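# Structure at a glance
Chain by chain, the residues:
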Amino acid sequence: MNVPLNTLPFLEIECRQLTKTGQSACGDDFQWAKLENENRHIAVLSDGLGSGIKANLLANMTTTMALRFMRSNMDILQSAETIMDSLPVCEVRKISYATFSIVDIHDGGRTRIIEMGNPSYLHLRGTEEVPAEKHTQLVSQRWPDREMDVWETTLRLGDRLVVCSDGVTQSGLGQRRYKFGWRRQGCLQFVREKLAKFPEMSARELSDTVAMEALCISPDRQCHDDISCLVIYYRKPRTLRLLTGPPFHKEDDARFAALAASGADQVIVCGGTTANILNRELNTTVEINMRGIRGCDALPPPGTMKGVGLATEGILTLTRVTSDLDSGDWEKSPRAAREIIEKLLSSDCIEFIVGTKVNEAHQDPDLPVDLEIRRNIVKRLCGILENKYRKNGSITYI
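Residues numbered from 1 in each chain as written. Predicted model: local features only at pLDDT ≥ 70, side-chain atom pairs only at ≥ 80, totals over all residues. Heavy atoms only, no water.

This part is about the overall build of the chain. Summing up its helical and strand segments, the chain has 10 helices and 18 strands in all. Over its C-alpha atoms the chain spans a radius of gyration of 24 Å, differing by no more than 12% from the 21 Å that the globule rule assigns to 398 residues. Reported as C-alpha extents along the three principal axes, the dimensions of the chain are approximately 70 × 45 × 45 Å. Burial statistics for the chain: of 398 residues in total, 50% are counted as buried. Taking contacts inside the chain between residues at least 6 apart in sequence as the whole, the part at least 24 apart equals 69%. Working note: accessible area of the chain is about 19300 Å², and carbon and sulfur atoms make up 49% of it. Charge separation in the chain, taken as the distance between the mean sites of 50 positive and 53 negative side-chain charges, equals 3 Å. (Helix = DSSP H or I, 4+ residues; strand = E, 2+ residues; numbered from the N terminus. Rg over C-alpha atoms; globule rule 2.2 N^0.38 Å. Buried < 20%, exposed > 50% of the residue type's maximum accessible area, 1.4 Å probe, protein only. Contact = heavy atoms within 4.5 Å. Areas by Shrake-Rupley, 256 points an atom, 1.4 Å probe, with all protein chains shown as cover. Lys, Arg positive; Asp, Glu negative; His and termini not counted. Charge placed at Lys NZ, Arg CZ, Asp CG, Glu CD.)

Attention now moves to the pattern of salt bridges. By the definition in use, this model includes 23 salt bridges. Note that D324 is salt-bridged to R320, the shortest N-O span being 2.8 Å. With D324 and R320 both in helix α8 (residues 315–327), this residue pair falls 4 residues apart, about one helical turn. The exposure class of D324 is buried, given its relative accessible area of 8%. By relative accessible area, which is 31% here, R320 ends up partly exposed. (Salt bridge = Lys/Arg side-chain N within 4 Å of Asp/Glu carboxyl O.)

Structurally, a disulfide amounts to a covalent bond that connects the sulfur atoms of two cysteines. Enumeration over the complete set of coordinates arrives at 0 disulfides. Not part of a disulfide, C26 finds its nearest cysteine sulfur in C15, a span of 8.3 Å. According to the relative accessible area criterion, C26 is buried, its value standing at 13%. Free of any disulfide, C229 has its nearest neighbouring cysteine sulfur in C164, separated by 4.0 Å. (Disulfide = S-S within 2.5 Å.)

Across the sheet, 6 strands lie side by side as β2-β3-β4-β5-β9-β8; this open sheet has antiparallel pairing. Either end of the sheet is taken by a strand with one partner, and the two such strands are β2 (28–35) and β8 (134–139). Looking at each pair of strands side by side, their axes are set apart by 15 degrees on average, direction ignored. Bridging between β8 and strand β9 (residues 147–154) involves 6 bridges; their strand directions are antiparallel. Within the sheet, the bridge partner assigned to L138 lies in β9 and is M148. (Pairing = 2+ DSSP bridges. Axes fitted to C-alpha atoms, helices over the stretch in contact; angles between N-to-C directions.)

Moving on: the pairing of strand β16 (residues 309–312). Here 3 bridges tie strand β13 (residues 266–270) to β16, and the two strands are oriented parallel to one another. Across the sheet, the residue bridging to C270 is T312, located in β16. Across 3 bridges, the pairing between strand β15 (residues 303–305) and β16 is antiparallel. Across the sheet, M305 pairs through a bridge with G309, a residue of β16. Here β15 folds back onto β16, and the loop between the two strands holds 3 residues, one of which, G307, carries a positive phi near 80 degrees.

What follows covers the confidence of the model for the chain. Averaged over all residues, the pLDDT of the chain equals 87, while 90% of them reach at least 70. Contacts for the low-pLDDT stretch residues 1–5, under 50 throughout, to residues beyond four places or in other chains number 14 contacts. Confidence drops under pLDDT 50 across residues 367–371; counting only partners more than four residues distant or on other chains, this segment forms 6 contacts. (pLDDT = per-residue confidence, 0-100.)

Below, the structure is given as structure tokens:
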């Protein structure tokens, strides 16, 4: 059995959004697509005119159309004109408008950024800003007031792109310290300071940090506009390996245990039988911190397996992790599930090693209906991580 690690560069793409205070829907929209056959990633961030439901509609229409046109390699100017022609007209202002930023990343880091109306992107290599290799400006004859900037650059390992809506750059507008808002320069300086202090900061952490700082410097710490921060981090992948269930053949136990001992940045062991195999083969034990047992709720408390990583109960915990990741709400998850979720989201390539020996206890018809067998849970979890959280997932059965 051979489980190869993904050694190709990984693109971590995360967007943190905060809705304008008093509105039920965010007036910004973000969409992403991965084109496997072309080894290509496309991310689109749009800011609709105004705020609330109408702005959300404008932004969503813009990201949807932009993503479709970019997939089909349609002419940029023609795409923008089609988008502008299609947007509904605001009854109050009598105009239809939505800004957008499109990031199109090809194999080898070749990148094109197309901007209309949004603040200009940031490209950072470490803490230093990287200038674009090429810049072109396009103007539509039908929409002469809509200028587009097309930038071309190349990402290297460790580079980051930061794309924001004007809710970030205009935060704090009118205050004594930020008379003209935070502006692009203020955001750039903030990001540089954070990366100098935390050079390995993930895209998820950085996008959240920028969005929350924009909120903090706003008057009364309220969102006076929708806030969106998209961060793309091009780097060596962080690999997590999750082992669950005993191998079908007992003679595979040693090889199964060896997968937990090396070859991944983080390891999670789910299931008592699985942990027992590793205890026996690696001569280690599971240690449980009983101080945190109050936050465990309906799930058994997590433990630490020395020399391996996190150890938890199996089916019940994985079912809860899958459900909470699918809903996007894990703030109140039991501690075992929450710790697994945090590790999954901080990793890029998730390798599931699934033992195929049937645990008779899970076939009991008296158990809850949603208690699926191990393989189905893992398949569903892997799909959610790939489709909702932009992770690379793989499943190996043993």
